[in-house]
Amino acid sequence: MLTREQMAMRVARELRDGYYVNLGIGIPTLVANYIPEGMDVMLQSENGLLGMGAFPDEQSLDADMINAGKQTVTARTGAAIFDSAQSFAMIRGGHVDLTVLGAFEVDVEGNIASWMIPGKMVKGMGGAMDLVAGAQNIIVVMTHASKSGESKLLSRCTLPLTGAGCIRRVLTDLALLEIEDGAFILREYAPGVSIDEIAAKTAGKMIVADDVREMRFS
């Protein structure tokens, strides 16, 4: 199965020159490390930063410069800093070209559950609800199954929803799938992973595309 870095590398292949991109907490933040050389991409953080740069070293670290996950970051040339109201206006206005975020569950209807597990501490819903409502181009990045082996790709989400009918693509540590007509369409499989294994770990209806192929990272 794919490492976290390989998942980020595959998502980076979806970037295009001139994109404004929001990267969620966790694996999505790693995508910033794999932006193709020569490509101009502006990374947006919903706490009010457009133009995130690389993660800082000790010399460039500024404790006041953070992303939405409270990680210290840098600002690239041309960056803009503004309040969160303006940041969410950008998101709600449909000005983000690509959103990459994690999830607990996704189902065959394109529903996503990503913000809480009942009975566990919840820090807040964050910006995910606005992101999935305001973006047309969304990639969910997550493990295919839980640590206990239960599928996260379901017929219907069991956890409180973040958004309904908004997800079309899911990248897991096993595969890249698209959601169409009430089914997960298997488009790519991770190197060394069999289609049978992916099917066994997918609880929702899955269809193997005629042109399914092994995943590439460059």
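Residues numbered from 1 in each chain as written. Predicted model: local features only at pLDDT ≥ 70, side-chain atom pairs only at ≥ 80, totals over all residues. Heavy atoms only, no water.

Caption draft 1: The arrangement of unusual backbone geometry in detail. Of note, Lys70 is a non-glycine position whose phi angle comes to about 65°, a positive value. Within the secondary structure, Lys70 sits in the loop between β3 (49-52) and β4 (75-81). We note that Asp181 has phi near 50°; this positive angle belongs to a residue other than glycine. Looking at the secondary structure, you find Asp181 in the loop between β11 (175-180) and β12 (183-189). Taking relative accessible area as the criterion, Asp181 reaches 79% and is therefore assigned exposed. (Helix = DSSP H or I, 4+ residues; strand = E, 2+ residues; numbered from the N terminus. Buried < 20%, exposed > 50% of the residue type's maximum accessible area, 1.4 Å probe, protein only.)

Caption draft 2: Geometry of the pattern of salt bridges. A complete count under the given rule lists 10 salt bridges for this structure. Two residues, Glu188 and Arg10, come together in a salt bridge whose shortest N-O distance is 3.0 Å. Here Glu188, found in strand β12, pairs with Arg10, found in helix α1 (residues 4-12); they are 178 residues apart in sequence, far enough to count as distant. Side by side, Glu188 and Arg10 carry an identical accessibility label, which is buried. A salt bridge links Glu14 to Arg169, with the shortest nitrogen-to-oxygen separation between them at 2.6 Å. A residue pair is termed long-range when its members are at least 10 positions apart, and Glu14 in the loop between α1 and β1 (20-23) and Arg169 in strand β10 (residues 169-171) qualify at 155 residues. Across this residue pair, the class does not change: Glu14 and Arg169 are buried. Among the charged side chains, a salt-bridge network with shared partners connects Arg10, Glu14, Arg169, Glu188 and Arg213. (Salt bridge = Lys/Arg side-chain N within 4 Å of Asp/Glu carboxyl O.)

Caption draft 3: Inspection of the side chain of Thr74 at higher detail. As for its placement among the helices and strands, Thr74 is situated in the loop between β3 and β4. Every residue in contact with Thr74, bar those within four places of it in the chain, is listed here: Leu49, Gly51, Met52, Gly53, Ala54, Phe55, Pro56, Ser60 and Met65. (Contact = heavy atoms within 4.5 Å.)

Caption draft 4: Structural view of the pairing of β1. Pairing between β1 and strand β2 (residues 42-45): 3 bridges, direction parallel. Across the sheet, residue Val21 finds its bridge partner in β2, namely Leu43. Of the pairings in the sheet, the one linking β1 to strand β5 (residues 98-101) comprises 3 bridges and is parallel in character. Bridge assignment links Asn22 to a residue of β5, and that residue is Thr99. (Pairing = 2+ DSSP bridges.)

Caption draft 5: Focus on the pairing of β11. Pairing between β10 and β11: 3 bridges, direction antiparallel. If you follow Arg169 over to β11, its bridge partner there is Glu178. Between β11 and β12, which follow one another and run antiparallel, lie 2 residues, and Asp181 among them has a positive phi close to 50°.

Caption draft 6: How the structure looks around α1. Looking at α1, one finds that the buried residues are Met7, Ala8, Arg10, Val11 and Ala12. On its buried face, α1 is in contact with β5, β8 (138-141), β10, β11 and β12.

Caption draft 7: Representation of the side chain of Glu46. Residue position: Glu46 is located in the loop between β2 and β3. Lacking a salt bridge, the buried Glu46 has Lys70 as its closest oppositely charged neighbour, with an N-O distance of 10.0 Å. At 3.1 Å, the side chain of Glu46 and the side chain of Asn22 are in polar contact. Not counting the four nearest positions on each side in its chain, Glu46 is found in contact with Asn22, Ala68, Ser84, Ser87, Phe88, Ile91, Gly127 and Leu131. (Lys, Arg positive; Asp, Glu negative; His and termini not counted. Polar contact = N/O pair within 3.5 Å; in protein donor to acceptor, adjacent residues only side chain to side chain.)

Caption draft 8: Structural context of helix α2 (residues 84-92). Within the sequence span of α2, burial applies to Ser87, Phe88, Met90 and Ile91. Across the axial projection of α2, the buried residues extend over an arc of 150°, all falling on one side. Facing away from the buried side of α2 by over 90 degrees, the exposed positions are Ala85 and Arg92. As for α2, its buried residues are in contact with β1, β2, β3 and α3 (128-134). Just past α2, the residue Gly94 takes up positive phi, approximately 80°. (Arc of directions from axis to C-beta.)

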